[in-house]
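What follows is each chain in one-letter form.
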Amino acid sequence: MKMPGGAIRGISGAIRALAIDAVERANSGHPGMPMGMADAAALLFSRYIKFSAADPQWSDRDRFVLSAGHGSMLLYAILHLTGHADFPMAELKNFRQLRSRAAGHPEYGAGGGVETTTGPLAQGFANAVGMALAEKTLSAQFGAELCDHRTWVVAGDGCLMEGLSHEAAALAGHLRLSKLTALFDDNGISIDGAVSLAQSDDVLRRFESYGWRARRCDGHDPDAVAKEIENAIADERPALIACKTVIGVGAPNKQGTAAAHGAPLGAEEAAAAKAAFGWAHKPFVVPAHIRKEWRKIGARGEPSRKLWLRRLRAHPQRAEFLRRANGELPRGWDSDLRAWQRETGKSRPAMATRQAGGKALSLLAPKMPELLGGSADLTGSNNTRAGQKTVTAASPGGGYIHYGVREHAMAAAMNGIALHGGFIPYGGTFLVFSDYCRPALRLAALMKIRAVFVMTHDSIGLGEDGPTHQPVEHLAALRVIPNLRVWRPCDAAETAACWRLAILRKDGPSLLALSRQKLPQSGGGKSADLCAKGGYLIGGDSAKADVTVAASGSEVSLALAARELLAKEGIAAAVVSVPCLELFLAQSDAWRKKTIHPKKPLLTVEAAHPMPWHSLAQSASKAKTDFCGMTTYGVSAPGEKAFKHFGFTAKNIANKARRLLS
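Read on for a plain summary of the structure. (Residues numbered from 1 in each chain as written. Predicted model: local features only at pLDDT ≥ 70, side-chain atom pairs only at ≥ 80, totals over all residues. Heavy atoms only, no water.)

Across its full length, the protein chain holds 26 helices and 20 strands. Computed over C-alpha atoms, the radius of gyration of the protein chain comes to 27 Å, within 12% of the 26 Å expected from 2.2 N^0.38 for 662 residues, which places it in the range of a compact globule. Taking the principal axes of its C-alpha atoms as reference, the protein chain extends roughly 90 × 55 × 45 Å. In the protein chain, buried positions account for 62% of the 662 residues. Of the contacts made within the protein chain by residues no fewer than 6 positions apart, 79% connect residues no fewer than 24 positions apart. Carbon together with sulfur atoms contributes 51% to the accessible area of the protein chain, which is approximately 24200 Å² in total. (Helix = DSSP H or I, 4+ residues; strand = E, 2+ residues; numbered from the N terminus. Rg over C-alpha atoms; globule rule 2.2 N^0.38 Å. Buried < 20%, exposed > 50% of the residue type's maximum accessible area, 1.4 Å probe, protein only. Contact = heavy atoms within 4.5 Å. Areas by Shrake-Rupley, 256 points an atom, 1.4 Å probe, with all protein chains shown as cover.)

This next bit is on the packing of aromatic side chains. Overall, the coordinates contain 15 aromatic pairs when judged by the stated rule. In this structure an aromatic cluster arises from ring pairing among Trp-58, Phe-142, Trp-308 and Phe-321. Between the NZ or CZ atom of Arg-150 and the centre of the ring of Trp-152, over which it lies, the distance is 5.4 Å. The ring of Phe-423 is capped by Arg-324, whose NZ or CZ atom sits 5.0 Å from the centre of that ring. (Phe/Tyr/Trp six-rings, centres within 6.5 Å; stacked < 30°, edge-to-face > 60°. Lys NZ or Arg CZ within 6 Å of the ring centre and 35° of its normal.)

Nonpolar side chains tend toward joint burial in soluble globular proteins. Of all hydrophobic cores here, the largest spans 77 residues; its most connected members are Trp-499, Leu-616 and Phe-648. No other element matches helix H20 (residues 492–504), which puts 9 residues into this core. Look past the residues within four positions of Trp-499 in its chain and what remains in contact with it is Gly-357, Ala-360, Leu-361, Leu-364, Tyr-426, Val-452, Val-454 and Leu-512. (Core = buried A, V, L, I, M, F, W, Y, C linked by side-chain atoms within 4.5 Å.)

Moving on, we come to the layout of surface pockets. In this structure, the largest pocket encloses a volume near 800 Å³. In terms of residue class, the lining of the largest pocket is built from 20 nonpolar, 8 polar and 11 charged. Put simply, the second largest pocket is a space of about 330 Å³. Surrounding the second largest pocket, 22 residues form its lining, Gly-158, Ile-189, Ser-190, Ile-191 and His-261 being those nearest its centre. When contributions to the lining of the second largest pocket are tallied by element, the ones reaching two or more residues are helix H6 (157–161) and strand E4 (189–190). Among the elements that take part in the lining of the second largest pocket, H6 stands out by supplying 3 residues, more than any other. Of the residues belonging to the lining of the second largest pocket, the class tally is 10 nonpolar, 9 polar and 3 charged. (1 Å grid on protein atoms, 1.4 Å probe; cavity = no way out; pocket = protein on both sides within 12 Å on 5 of 7 lines; lining within 4 Å. Points joined across faces, edges and corners; volume = space filled by probe spheres on them. Nonpolar A, V, L, I, M, F, W, Y, C, P; charged D, E, K, R; others polar.)

What the 5 strands build is an open sheet, ordered E16-E18-E17-E19-E20; its pairing is mixed. Edge positions in the sheet fall to strand E16 (536–539) and strand E20 (625–628), since each has one partner strand and no second. On average, each strand axis in the sheet is inclined to that of its neighbour by 30°, with strand direction left out of account. Along the sheet, helix H21 (residues 555–567) makes contact with E16, strand E17 (547–551), strand E18 (573–577) and strand E19 (602–605), crossing E18 at roughly 175°. (Pairing = 2+ DSSP bridges. Axes fitted to C-alpha atoms, helices over the stretch in contact; angles between N-to-C directions.)

Here we take up the pattern of salt bridges. The final tally for this structure, using the stated rule, is 31 salt bridges. A salt bridge links Glu-320 to Arg-323; the nearest nitrogen and oxygen atoms lie 2.9 Å apart. With Glu-320 and Arg-323 both in helix H13 (residues 318–325) and 3 residues apart, the pair spans about one turn of that helix. (Salt bridge = Lys/Arg side-chain N within 4 Å of Asp/Glu carboxyl O.)

In sheet architecture, strand pairing relies on hydrogen bonds along the backbone and comes in two forms, parallel and antiparallel. In spatial order, the strands read E1-E2-E3-E7-E6; together these 5 strands make up an open sheet with parallel pairing. Two strands lie at the open edges of the sheet, namely strand E1 (63–66) and strand E6 (213–218), each paired on one side alone. Going from strand to strand, the sheet's axes swing by 20° on average, the running direction of each strand aside. Bridging between strand E3 (residues 180–186) and strand E7 (residues 239–244) involves 6 bridges; their strand directions are parallel. When the sheet's bridge partners are listed, Thr-181 is paired in E7 with Ala-239. Here helix H5 (residues 123–142) sits on the sheet and contacts E1, strand E2 (151–156) and E3; the angle it forms with E2, its principal contact strand, is near 165°.

Quick look at the pairing of E7 now. Looking along a regular strand, one sees the side chains alternate between the two faces of the sheet. Burial within E7 is extensive, with 5 of its 6 residues counted as buried. Bridge count between E6 and E7: 6 bridges; the pairing is parallel. Residue pairing in the sheet places Ala-214 in a bridge with Leu-240 of E7. Between the parallel elements E6 and E7, the chain passes through helix H9 (residues 222–234) in a crossover that is right-handed. (Right-handed = clockwise from strand over helix to strand, strands pointing away.)

As a further point, take the side chain of Lys-50. Inspection of the secondary structure assignment puts Lys-50 in the loop between helix H2 (32–48) and E1. Ignoring any residue separated from it by four or fewer positions in sequence, one finds Lys-50 in contact with Trp-58, Asp-60, Arg-61, Asp-62, Asp-148, His-149 and Ser-304.

Turning next to the environment of Gly-380. Within the fold, Gly-380 resides in helix H16 (residues 379–382). Along the primary structure Gly-380 and Gly-358 are separated by 22 residues, whereas in three dimensions their C-alpha atoms are 9.8 Å apart.

Attention shifts here to the environment of Ala-574. Examined against the element boundaries, Ala-574 turns out to sit in strand E18. Sequence-wise, Ala-574 and Tyr-436 are 138 residues apart; in three dimensions their C-alpha atoms are separated by 38 Å. If we ignore the near neighbours within four places in the chain, the residues touching Ala-574 are Leu-537, Gly-539, Gly-540, Asp-541, Ser-542, Ala-545, Val-547, Thr-548 and Val-549.

Once that is clear, we can look at the packing of helix H14 (residues 335–347) against helix H15 (residues 353–364). Remark: H14 packs on H15, axes separated minimally by 8 Å, with the N-to-C direction vectors making an angle of 145°. Where H14 crosses over H15, the handedness of that crossing is right-handed. Contacts from Asp-336, Leu-337 and Trp-340 in H14 reach Ala-356, Lys-359, Ala-360, Leu-363 and Leu-364 in H15. Broken down by class, the residue content of the contact of H14 with H15 amounts to 6 nonpolar, no polar and 2 charged. (Left-handed = near helix turned anticlockwise from the far one by under 90°.)

So this is what it looks like as structure tokens:
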């Protein structure tokens, strides 16, 4: 290991000192990683990353992702030192405290320069793959005059152990994302101790097999790191630079050990560490000459930004580029979709909602070049392709990505695409495989980003593939993710309406749960607009009804058929379609009481676990309630027989409703 000298030693020392000080003051945090990667990070920002602290949202800036989010003080120190307005010293002093922008792990939206929320290992790495993919595709569509930047990611041993990094790295290599460079903090330490306790594979050879350039260097030698960065920039492949570092470098008793990872060094060890790298200043004090150097680094990208603004003003696609960069929708984007929604209410076609979703996309894609779709090797089943050209390494300007059997990488890359800007990503798989996507779904909801997850084969109605592929608990598990809207439309018109609402939503992700089997048209084309309320009366009058039946998806048509059976006996039933349960629960009391009479018995019907419906039953009805749902796994049988086997028939629903009245 060669410790840096000269300018890099001074500016990297500021990162180390601030990381030590903030963790000590908070009595919580991870000092070791920022201390170990300070030299490589200081070099990266001082010479290579294109950014402007004065305009951290500049569209053509390089993206920097700290996938090893536990080392957040590395990022916060750099943002502060370079002059980002959102990270004054007061925020660093308030590290990990309530309402601090300097949260325990980087949080998107907390301030300029934080490109994504990281912490769950490898999520940031896969986000970076999505960002690099978005840059390559957007550059192919608008030209390098408007889009020509790199994506940099710092990842740790844990990031590269996680299976997600394997999926994402393979995708990046396949698509030859040459402007993606990962700096691997190769310190050989994890929480349990030496990485060798659990790992013996050759990371560099693994990445080479994915199609990456992969090299190792001394992470504390700026010249060695610079050489590898230059080689990475010149290569036509994505690059992994394994920076061999010492975790907590300088701390005499803790460096190179797990003790430096996730706890304060302690006053004595902190002082000794600072002395080791020549830092003789009080906590949170940065000498004027070092601060001046960092401010120069923060302004280094200003000439590039001003040249870019000049090119943008003269560019013939300026208005379209800005529209997409700002997330604005094109004029008339939904006119054909709304016309088809109305038409289905009249023609009343029987079709699977996955097919209706495909039709909706075919009407949206020609008018929305920002739609960047894909599927995890289930394109024909998900109906997610609407005539777009395939995004390939040689021809990246298309609108459809073949993610392969990589559901987790797909979801996390979609997050990166959304964060990059210029696109609205959507991707498909089976609902049962949402389990593979869940960490990325949660982060999309946490970050409040617009992405659409298309999950088909939504119940036991998918049939013969059996319980391994039939989702039961999945809707319940997804609905409890805060800020994720789960849509389960009952027919073609509702599917069109739900797709429109998913596109309109800017403050969080949407998930469409769509059927494999054909469903009848249950409601009118215009009434489907009421999907925006989450739930609405699709049959009967709640005020005059003896009982209310609330359902979603394929069970709505069964509830309507049960209503007809009950009517023959003189029992009046109101049927409520609930395409988005969590949105309906968020409506005003007036709307919910108008839709579900609070003094009438309530039966809820869904071919899934009934747990989420308890909230509806408790809040909507003071009378008797019951559920028709799934509490066991499914069965391998044709879909209609599986429905009958578990009691999802009009007759059984009518019987349950009748019993509520007795």
